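Below are the chains, spelled out letter by letter.
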Amino acid sequence: QVQLVESGGGLVQAEGSLRLSCAASGSIFSIKDMGWYRQAPGKQRELVAEITSGGSTSYAGSVKGRFTISRDNAKNTVYLQMNSLKPEDAAVYYCNAVIRETVLAPTQRYWGQGTQVTVSS
């Protein structure tokens with residue numbers, strides 16, 4: 001059983017910063033890609049940032065230059081440093097990871113429970 005547990009959300013003023021963390025635990029042989037998605041009320045879930053096991057990153061255009069994704073492979077943890085936050089960044093942020101539980105198992109995509117980010121103007 002694999003679990004992804006997020007932390008670090010909260011309320012911040014515009015132009016402020018937050019750092020989200022997501023730790024994977026349970027039966028894990030390897031983790032491939034990890035990422036962050038977000039979903040605002042009435043909108044579809046969208047990709048914010050992704051990072052491969054080798055450290056290559058990609059970002060949504062709306063956050064490029066303001067958000068930084070990183071990971072600690074030894075801790076099975078992915079981070080999202082969010083700077084210069086805007087009211088339009090407010091959403092529930094979900095962690096995502098592609099995980100292989102055993103050497104012979106196929107990879108599966110797992111989701112965290114989500115953490116709320118609120119940005120006041």
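The structure displayed is predicted, hence computed values, not measured ones.

Rules used in this analysis
- Within each chain, residues carry numbers counting from 1 in the order of the written sequence.
- With pLDDT at 70 or above as the cut-off, local features in this predicted model cover only qualifying residues; side-chain atom pairs require 80 or more to be listed or tallied, and sums for whole chains, interfaces and linings still use all residues.
- Water and hydrogen atoms play no part in the side-chain values, which are based on all heavy atoms of the structure.
- To qualify as a nonpolar core, a set must consist of buried Ala, Val, Leu, Ile, Met, Phe, Trp, Tyr and Cys residues joined through side-chain atoms within 4.5 Å.
- Exposure categories follow from relative accessible area, calculated using a 1.4 Å probe and restricted to protein chains: below 20% of the type maximum is buried, above 50% is exposed, and the middle band is partly exposed.
- The way it works is that DSSP assigns letters per residue, a run of H or I at least four long becomes a helix, a run of E at least two long becomes a strand, and they are numbered from the N terminus.
- Residue contacts are defined here by distance: any two heavy atoms, one from each residue, within 4.5 Å place the two residues in contact.
- In short, DSSP must find at least two bridges between two strands for them to pair.
- Angles shown run from 0 to 180 degrees and are taken between the N-to-C directions of axes, each axis being a line fitted to C-alpha atoms and, for helices, limited to the stretch in contact.
- Two rings from Phe, Tyr or Trp (for Trp, the six-membered ring) form a pair when their centres are within 6.5 Å of each other. A pair whose planes differ by under 30 degrees is stacked, one over 60 is edge-to-face, and the rest are tilted.
- Placement of a positive charge over a ring is assigned whenever Lys NZ or Arg CZ falls within 6 Å of the ring centre and within 35 degrees of the normal to the ring plane.

Draft legend 1. Here's a closer look at the nonpolar core. Counting residues in hydrophobic clusters, the biggest one holds 30 residues, and the most contacted among them are Trp36, Leu80, Met82 and Tyr93. Elements with a minimum of two residues in this core: β1 (2-7), β3 (18-26), β4 (30-39), β5 (46-51), β7 (67-72), β8 (77-82), β9 (91-100) and β11 (115-120). Here Tyr93 is in contact with Glu6, Leu20, Trp36, Tyr37, Arg38, Val48, Phe67, Leu80, Met82, Gly114, Thr115 and Val117, once residues within four sequence places are set aside.

Draft legend 2. Examining the sheet that holds β3 more closely. Ordered by their spatial adjacency, four strands build an open sheet running β1-β3-β8-β7, and the pairing between neighbours is antiparallel. Each of the sheet's edge strands pairs with one partner strand only, and the pair in question is β1 and β7. Looking at each pair of strands side by side, their axes are set apart by 15° on average, direction ignored. In this sheet, β3 lies alongside β1 in antiparallel orientation, the contact comprising six bridges. In the sheet register, Leu4 faces β3, and the bridge partner there is Ala24.

Draft legend 3. How the structure looks around unusual backbone geometry. One non-glycine residue, Glu15, lies in the positive phi region at around 75°. Tracing the chain through its elements places Glu15 in the loop between β2 (10-13) and β3. Its relative accessible area of 56% is what places Glu15 among the exposed residues. Here Ser84, not a glycine, exhibits a phi torsion of approximately 50°, which is positive. Relative to the helices and strands, Ser84 is located in the loop between β8 and β9. Take Ser84: its relative accessible area is 30%, and that puts it in the partly exposed class.

Draft legend 4. Geometry of the packing of aromatic side chains. Taken as a whole and judged by the stated rule, the model has one aromatic pair. Arranged with centres 4.9 Å apart and planes meeting at 65°, the rings of Tyr37 and Trp111 form a pair that is edge-to-face. Highlighted residues: Tyr37 in strand β4 and Trp111 in strand β10 (residues 107-111), separated in sequence by 74 residues. Judged by its relative accessible area of 16%, Tyr37 is buried. The side chain of Arg19 reaches across the aromatic face of Tyr79, ending 4.1 Å from its centre. Taking NZ or CZ as reference, Arg45 lies 3.7 Å from the ring centre of Tyr94, over its face.

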